[in-house]
Amino acid sequence: MSAYADARAGIHIGPVHFWHPEHTLAVTDLPERATLPEARDRQLLALGIDRVRVAGGLTETDLAERAALGVLADSGTDPADLDGLLLVQGRAPEYLMASEATRLQHRIGATRALTLGVGDLGCVSSSAAIEIGAALLRGRGGPGRILVAMGVRAAATARYRPPMTVLGDCGAAFLLTTGDDDSGGVLSASGGDTVGGAPYTSGGHTVGAAPYTSGSGGPYTPGDETAGGAPRPAGGRAARYRLLGQELRSDGRYADLFRIRYRELPPERWAEECADENAYSFQLAIESRNRLRDLNAELLRRCATTQDELAAVVMQNLSMGAFAFWQDALGLKIADVCRDNLAGHGHLGPADVLMNLESLAPSVPAGGKVLVMNSSPVAAWCTALVERLPD
């Protein structure tokens, strides 16, 4: 699957709005360390992750709601004006048979938005949401805006996913817009803007922590089904990036390489399992290297861009060792913001590449091109090329 920009309907990606839980947990204080073998514990402490945010009793929908309302407030967008709402689904829904996507639609007041859930590709689900959102906007043949939101939280009690990373929690959301719909419909969450929740600092880039209110004018209450959407401040800053192209592939041979057996176990006994660590560490690593190498080459060829013309390269955050592997395997320098966000937040699944793009934005000049690589052990791979827009 692939998507490419054209002169008629350029797709713009706004800065991502994050909502971070206030509670932090140092990796050295992870409860599961008490039962880890010594070699596995050393492996954990060598990942390059210092701490993660912990959502406590908040659900994935709660986290997505906070981020979504923050985006709408920052951008001056009435939720009733949204053409679409895409929820990047979590790995453990609150209920079976229920709809997380339409629950979010009701909570934020997106009454006329085409509402869909996008999931099942792990980290790459956010890339799939961009693919689907871009197709929906181009199909409209005119101005439009789609909200993409996600709540990311660890499904199992243990946050260490051996042998690869430590999982953190957050909410994230952004708008996809057509190039002719940038007035008042694109979000801002950069360089001192306020985004709700606790502040975080990454690579010198700070996202603030002021509270926001619901459409009723009163304080926003987590999980309040009657919130009625976000307020509409005047203005709203322009989008961060323009999507130039994207390539996405998947391979079902690795569909259940990582899994949680849940039908026969209560939630407190859920545990992430790697069915075959050798397959992950060697077979899938080589497969991923080849896939991303080929996708990068195809994408850059289609976009008439060379590696030397790239302003930066970002990818998802797993470990310091993973960054070293990818730099050596692909001959690309991974931006330092990825390491900063890894240390301070751990692995945020589909939100990783979005956080890295947002953290990188202040250092990329207008017209600069950024390569975004995203992959998942299910397995799926995606490469995107974006161009920095003027502020």
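Residues numbered from 1 in each chain as written. Predicted model: local features only at pLDDT ≥ 70, side-chain atom pairs only at ≥ 80, totals over all residues. Heavy atoms only, no water.

Looking at an unreviewed UniProt entry, one finds the chain named 3-oxoacyl-ACP synthase and attributed to Streptomyces eurythermus.

**Comments concerning the pattern of salt bridges**
As a reminder, the rule being used: Salt bridge criterion: a side-chain nitrogen from Lys or Arg within 4 Å of a carboxyl oxygen from Asp or Glu. Exposure classes here rest on a 1.4 Å probe applied to the protein chains alone. A residue is buried below 20% of its type maximum, exposed above 50%, and partly exposed in between.
Applying the stated criterion across every chain, the model contains 29 salt bridges. Residues arginine 259 and aspartate 256 are paired through a salt bridge, measuring 3.7 Å at the closest nitrogen-oxygen approach. Given a relative accessible area of 37%, arginine 259 falls into the partly exposed group. With relative accessibility at 45%, the residue aspartate 256 sits in the partly exposed group. One connected set of salt bridges, linked through shared partners, spans Glu247, Arg249, Glu298, Arg301 and Arg302.

**Things to note about the side chain of aspartate 352**
How we decide: Only DSSP runs of H or I with at least four residues qualify as helices, and only runs of E with at least two residues qualify as strands; both kinds are numbered from the N terminus onward. In this tally, Lys and Arg are treated as positive and Asp and Glu as negative; His is ignored, and so are the chain termini. By the criterion applied in these results, polar contacts are pairs of N or O atoms within 3.5 Å in which, for protein atoms, one can donate a hydrogen and the other can accept it, and in which residues neighboring in sequence qualify only through two side-chain atoms.
By secondary structure assignment, the location of aspartate 352 is in helix H8 (residues 352–360). One buried charged residue, aspartate 352, forms no salt bridge at all, with the nearest opposite charge on arginine 161 at 8.4 Å. Within polar-contact distance, the side chain of aspartate 352 engages the backbone nitrogen of leucine 348 at 2.9 Å.

**A closer look at a nonpolar patch on the surface**
We apply this condition: A patch is a set of surface residues, each over 30% in relative accessible area and not in a salt bridge, joined within 9 Å for like charges and within 5 Å for the nonpolar side chains Val, Leu, Ile, Met, Phe, Trp and Tyr. The Shrake-Rupley method, run with a 1.4 Å probe, gives the accessible areas here. Residue values count only the displayed protein chains as cover.
A surface patch of nonpolar side chains, amounting to about 420 Å² of accessible area, comprises Leu96, Met97 and Tyr262. Its location among the elements puts tyrosine 262 in the loop between strand E15 (258–259) and strand E16 (273–274).

**Quick look at the nonpolar core**
A general feature of soluble globular proteins is that nonpolar side chains tend to end up buried together. What counts, and what does not: Here, the term nonpolar core denotes a set of buried Ala, Val, Leu, Ile, Met, Phe, Trp, Tyr and Cys residues that are joined through side-chain atoms within 4.5 Å. Any two residues whose heavy atoms approach within 4.5 Å are treated as being in contact.
Of all hydrophobic cores here, the largest spans 85 residues; its most connected members are Val148, Met150, Phe174, Leu360, Val370, Leu371 and Met373. The element that contributes the greatest number of residues to this core is helix H5 (residues 277–302), accounting for seven residues. When near neighbours in sequence (up to four residues on either side) are disregarded, leucine 371 contacts Asn296, Leu299, Leu300, Leu310, Ala312, Val313, Val314, Leu332, Thr383, Ala384 and Leu385. With 22 residues, the next largest nonpolar core counts Trp19, Leu63, Ile108 and Ala110 among its residues.

**Observations regarding the pairing of strand E11 (residues 170–178)**
Selection rule: At least two bridges found by DSSP between two strands is the condition for calling them paired.
Across the nine residues that make up E11, a large majority, nine, are buried. Residues of E11 alternate between two faces, with Cys170, Ala172, Phe174, Leu176 and Thr178 on one and Gly171, Ala173, Leu175 and Thr177 on the opposite face, all of them buried. Alignment of strand E2 (residues 11–13) against E11, held across three bridges, turns out to be antiparallel. Each bridged residue has a counterpart across the sheet, and for isoleucine 13 the counterpart in E11 is leucine 176. Relative to E11, strand E3 (residues 17–19) runs antiparallel, the two sharing three bridges. Directly across from tryptophan 19, in E11, lies its bridge partner glycine 171. Where strand E8 (residues 145–152) and E11 come together, eight bridges link them in antiparallel fashion. Each residue of the ladder has a partner; that of arginine 145, found in E11, is threonine 177.

**What about the layout of surface pockets?**
Rolling a probe over the atoms, with the probe sized like a water molecule, indicates the empty space that remains. The criterion, for reference: Within this scheme a cavity is a closed region of a 1 Å grid, computed over the protein atoms alone, that accommodates a 1.4 Å probe without allowing it to escape, whereas a pocket is open but has protein on both sides within 12 Å along at least five of seven lines; lining residues each have an atom within 4 Å of a point. Grid points are joined across faces, edges and corners, and a volume is the space filled by probe spheres set on the points. Lys, Arg, Asp and Glu make up the charged group, whereas Ala, Val, Leu, Ile, Met, Phe, Trp, Tyr, Cys and Pro make up the nonpolar group; the residues left over, Gly among them, are polar.
The volume enclosed by the second largest pocket comes to roughly 490 Å³. As for the second largest pocket, its lining consists of 21 residues, of which Met164, Tyr280, Leu318, Ser319 and Ala322 are closest to the centre. Only H5, helix H6 (320–330) and strand E18 (369–376) provide two or more residues apiece to the lining of the second largest pocket. If you tally residues by element for the lining of the second largest pocket, the top one is H5, at five residues. Within the lining of the second largest pocket, the residues separate by chemical class into 13 nonpolar, eight polar and no charged.

**Concerning the side chain of aspartate 169**
Following the sequence through the fold, aspartate 169 ends up in the loop between strand E10 (165–166) and E11. Side-chain polar atoms of aspartate 169 contact the side chain of arginine 159, separated by 2.6 Å. Contacts of aspartate 169, omitting those with residues within four sequence positions, involve His20, Pro21, Arg53, Val54, Ala55, Val152, Arg153, Ala154, Arg159 and Leu348.

**Quick look at the packing of helix H2 (residues 60–75) against helix H3 (residues 100–108)**
How we decide: The angle between two axes is taken between their N-to-C directions and runs from 0 to 180 degrees, where each axis is a line fitted to C-alpha atoms and a helix contributes only its stretch in contact. Roughly parallel here means an angle under 35 degrees, roughly antiparallel means over 145, roughly perpendicular means 65 to 115, and every remaining angle is called oblique. Take the far helix as your reference; a near helix turned counterclockwise from it by less than a right angle gives a left-handed crossing, and one turned clockwise gives a right-handed crossing.
Between H2 and H3, whose axes approach to 10 Å, the crossing angle comes to 40°. Considering the angle they form, H2 stands oblique to H3. For the pair H2 and H3, the sense of crossing is right-handed. Between H2 and H3, the contacting residues are Thr61, Asp62, Ala64, Glu65, Ala68, Leu69 and Leu72 on the first element and Glu100, Arg103, Leu104, Arg107 and Ile108 on the second. The residue inventory of the contact of H2 with H3, partitioned by class, reads six nonpolar, one polar and five charged.

**So, the packing of aromatic side chains**
Test applied: Ring pairs are drawn from Phe, Tyr and Trp, using the six-membered ring of Trp, whenever the two centres fall within 6.5 Å, and their geometry is named by plane angle: stacked under 30 degrees, edge-to-face over 60, tilted for the rest. Comment: the charge-over-ring label is applied if NZ (Lys) or CZ (Arg) is within 6 Å of the ring centre and within 35 degrees of the ring normal.
Applying the stated criterion across every chain, the model contains two aromatic pairs. An angle of 80° between the planes, with centres 6.2 Å apart, marks the rings of tyrosine 262 and tryptophan 270 as edge-to-face. On the basis of relative accessible area, tyrosine 262 is assigned to the partly exposed category, the value being 36%. Here arginine 66 stacks its cationic end above the ring of tryptophan 19, 5.0 Å away from the centre of that ring.

**Focus on empty space enclosed by the protein**
All told, the structure shown has two cavities of 30 Å³ or more when counted by the stated rule. In this model, the largest cavity occupies a volume close to 110 Å³. In terms of lining, the largest cavity is formed by 14 residues, of which the most central are Ile130, Gln246, Leu357, Val372 and Ala384. Breaking the lining of the largest cavity down by element, the ones donating at least two residues are helix H4 (125–140), strand E14 (241–250), H8, E18 and strand E19 (380–388). When its residues are assigned to classes, the lining of the largest cavity shows 10 nonpolar, four polar and no charged. If you add up the space inside the second largest cavity, you get close to 50 Å³. Along the walls of the second largest cavity sit Ile13, Gly14, Pro15, Val16, Arg240, Tyr241, Leu354, Leu357 and Glu358, which together make up its complete lining. Per-element tally for the lining of the second largest cavity: the top contributor is H8, with three residues. Classifying every residue of the lining of the second largest cavity gives six nonpolar, one polar and two charged.

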